[in-house]
Protein chains: 2
Amino acid sequence: MQERVKVVVDAMGGDNAPAEIVKGAVEAVNERKDIKVFLTGRKPVVDAQLQNYTYDKDQIEVVDAQEVIETAEPPVVAIRKKKNSSIVVGLNMVKKKEADAFVSSGSTGAVLVGGQLIVGRIKGIERPPLAPLIPTKNGVALLVDCGANVDARPSHLVQFAKMGSIYMENVVGVKNPKVGIVNIGAEEEKGNALVKGTYPLLKECKDINFVGSIEARDIPSGACDVVVCEAFVGNVILKLYEGVGATLISKVKEGMMGSLRSKIGALLVKPALKATLKSFDASQYGGAPLLGLNGLVVKSHGSSKSVEIKNSIIQCVQFTRQGISEKIRENIILSAEDDSTEN
Amino acid sequence: MQERVKVVVDAMGGDNAPAEIVKGAVEAVNERKDIKVFLTGRKPVVDAQLQNYTYDKDQIEVVDAQEVIETAEPPVVAIRKKKNSSIVVGLNMVKKKEADAFVSSGSTGAVLVGGQLIVGRIKGIERPPLAPLIPTKNGVALLVDCGANVDARPSHLVQFAKMGSIYMENVVGVKNPKVGIVNIGAEEEKGNALVKGTYPLLKECKDINFVGSIEARDIPSGACDVVVCEAFVGNVILKLYEGVGATLISKVKEGMMGSLRSKIGALLVKPALKATLKSFDASQYGGAPLLGLNGLVVKSHGSSKSVEIKNSIIQCVQFTRQGISEKIRENIILSAEDDSTEN
């Protein structure tokens, strides 16, 4: 058998910890024999949860971590002070190569800061972006960056585009993924200072399939596979996706309850509607990887239930087996050599 | 009878000009006796369209303008060179107080540039924002700025907040409208440099009801009445609203066609669904005013049909009768006095 991919999961992070986190870990190992999960957190609490389930004891191990980093804590201070927290203990296991990946639904700030400070950036990577998959009409697109680096520079966005392409091609399996930069018009001369500075650099990249500007209107229809933007804009996109979807659906449901005729219709369309909405729900695609680190760090939604945790864990297998970090490292070294040849 | 509000309409602008524009103008005057519309454009073409309709001849007048500014033309050059275009002729009528307002579905760039160069900014206004109404769960919110000023400064956003409040209170009728700044988290210390610089300034404004940061997720549910952001982010919000809505609806429809059961259900829910979707369609709320000018300039969607043109024209009545430009002027003068007192 192939060696198991080792995934550390923060059992204490998120709105539904530890119950849903532990449940998700059990579901992951029961679905896949090629995964080993380490649950970091308060051992007695985690053990008590585990007793509710049947699973192969070789596939789950609890690693004691007495402290918990709360969402409200300033991330840098929390990472430095809480050495024995579920996040710091987990990230250190990735750093020491005791595990391949770390998954947490806890404080986004702490995961981002901890990922960089503990696991560390690949040499040459300026800023590691958070890159969630978002649903599109007939598939998914990768949104880079969606929250790690506000006030980014053009060189950062170029690296986002390259890392995003590697991810989409190797993890999601999209051949020659189309890369677009989020802009307020399709023309090259449009945009703010950041986009105008980035556009010509992307055009020169030979190793990506840059298709130009993409207007926000065209993201959901799937015009691009890799959607490049700085973190503030990316965060707005991710959250508005969620907000417009939720409001529209609640209005549709409310509207259907308005008359007897539509109430009967609503009963009949309910299963189809549910399936459709599920396919447009970002959480089903697992967590968002922080790209460009010396190991895999995945941030899953704070409100994750067991299914999202399970998907986040399984996502780590493909990432690890495909050697994404190594591919990013090679690509960045190659780019640097290209630059030095040209100079 | 009250004096008629005089609205100039660009008969040549937009994807459906001149037919839908002329039709919208006729519908507006047939609905309201207190409006006079001036249609600017190629007189023979516009006259030919008008012959299809019955309306009070006193309420529509055609003003000949032989040139047309195309969407692809660089706005500043077009406004300077095409003195006899439907846009420049119309804006000049507002400048000379021959009309109260100008409505165009033509080139956004030309309308924005022309509004500032010809009609001119109210003294003290740094940058006039484009402010469309967007649908929310139970009403509408004003999005300022959605496309006029990329790379804005904190002082611009403060003026957007004040002008937006005046608009929502007096045109839409929302008492003490809630003002929020778009941010990537609810906490005061979050955000990019622009938001961090703007937040404390908004907190100090005594003349607005500032409620703090708003995450994009909460915009559609109607958490704020005035949504303040810089133009790049605003444009992304406006267009993603449209994109997510369109994709989700097409997926819902497609999903309902999947089985006989849901097909029958779809027939029954169709009228309710249609009404719901209409209430969530931004175009029904008329065009977006460019706030802070010495007269009203409204940009309606490039794909506007007659109903949107009609709504944009009617919107001008409330704006003019409420003296929005005068209220903005007074507020800005007051703010300036406040500042000088404090110094």
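Residues numbered from 1 in each chain as written. Chains lettered and ligands numbered in written order. Predicted model: local features only at pLDDT ≥ 70, side-chain atom pairs only at ≥ 80, totals over all residues. Heavy atoms only, no water.

Let's talk about the relation of the copies chain A and chain B
Each copy of the sequence occupies a distinct position, and chain A is placed on chain B by a rotation of 180° and an axial shift of 0.0 Å, giving an RMSD of 0.0 Å. Interpreted geometrically, this transformation is the action of a two-fold axis. Across chain A, the smallest distance between a C-alpha and the rotation axis is recorded for Gly 265 of chain A, namely 1.9 Å. A symmetric contact is evident, with 100% of the interface residues of chain A recurring at the interface of chain B. (Least-squares fit on C-alpha atoms with pLDDT ≥ 70 in both. Contact = heavy atoms within 4.5 Å.)

A look at the interface of chain A and chain B
Of the residues lining the interface, 54 residues belong to chain A; the matching set on chain B comes to 54 residues. Roughly 4900 Å² is buried in total at the junction of chain A and chain B, and carbon and sulfur atoms are behind 73% of that figure. For the interface between chain A and chain B, the tally reads four salt bridges. Here Arg 217 of chain A ties to Glu 242 of chain B by a salt bridge, and the two come within 2.8 Å at their closest N and O atoms. Counting every contact that joins chain A to chain B gives 14 residue pairs in polar contact (both at pLDDT 80 or more). Contributing elements (two or more residues each) for the side of chain A that touches chain B: strand E7 (178–183), helix H7 (193–204), helix H8 (231–256) and helix H9 (260–279) of chain A. Among the elements that make up the side of chain A that touches chain B, the one with the highest residue count is H8 of chain A (21 residues). Of the residues that constitute the side of chain A that touches chain B, the class distribution is 29 nonpolar, 16 polar and nine charged. (Buried area = accessible area lost by both parts, 1.4 Å probe. Salt bridge = Lys/Arg side-chain N within 4 Å of Asp/Glu carboxyl O. Polar contact = N/O pair within 3.5 Å; in protein donor to acceptor, adjacent residues only side chain to side chain. Helix = DSSP H or I, 4+ residues; strand = E, 2+ residues; numbered from the N terminus. Nonpolar A, V, L, I, M, F, W, Y, C, P; charged D, E, K, R; others polar.)

Section: the environment of Val 113 of chain B
Residue and element names in this part refer to chain B. Turning to its location among the elements, Val 113 is positioned in helix H5 (residues 108–119). Residues Val 113 and Ala 28, 85 residues apart in the sequence, show an inter-C-alpha distance of 27 Å. Those residues in contact with Val 113 that lie beyond four places of it in its chain are Pro 75, Val 76 and Ile 79.

What about the packing of H9 of chain A against helix H9 (residues 260–279) of chain B?
The N-to-C vectors of H9 of chain A and H9 of chain B enclose an angle of 135°; their axes lie 7 Å apart at closest approach. In terms of orientation, H9 of chain A and H9 of chain B fall into the oblique class. As H9 of chain A packs across H9 of chain B, the resulting crossing turns out to be left-handed. Note on element contacts: H9 of chain B touches H9 of chain A through Arg 261, Ser 262, Ile 264, Gly 265, Ala 266, Leu 267, Leu 268, Val 269, Pro 271 and Ala 272 of chain B, opposite Arg 261, Ser 262, Ile 264, Gly 265, Ala 266, Leu 267, Leu 268, Val 269, Pro 271 and Ala 272 of chain A. Here the residues of the contact of H9 of chain A with H9 of chain B sort into 14 nonpolar, four polar and two charged. (Axes fitted to C-alpha atoms, helices over the stretch in contact; angles between N-to-C directions. Parallel < 35°, antiparallel > 145°, perpendicular 65-115°, else oblique. Left-handed = near helix turned anticlockwise from the far one by under 90°.)

Remarks on the sheet that holds strand E9 (residues 226–228) of chain B
All names here are of chain B. Pairing is mixed in the open sheet, where five strands are placed in the order E5-E6-E9-E7-E8. Only two strands of the sheet have a single partner each, and these edge strands are strand E5 (133–136) and strand E8 (209–215). The mean inter-strand angle of the sheet, taken between neighbouring strand axes irrespective of direction, is 30°. Taken together, the four bridges between E5 and strand E6 (residues 139–144) define a ladder with antiparallel strand orientation. Note on E6: the bridge partner recorded for Pro 135 is Val 140. Docked against the sheet, helix H7 (residues 193–204) engages strand E7 (178–183) and E8, running at close to 165° with respect to E7. (Pairing = 2+ DSSP bridges.)

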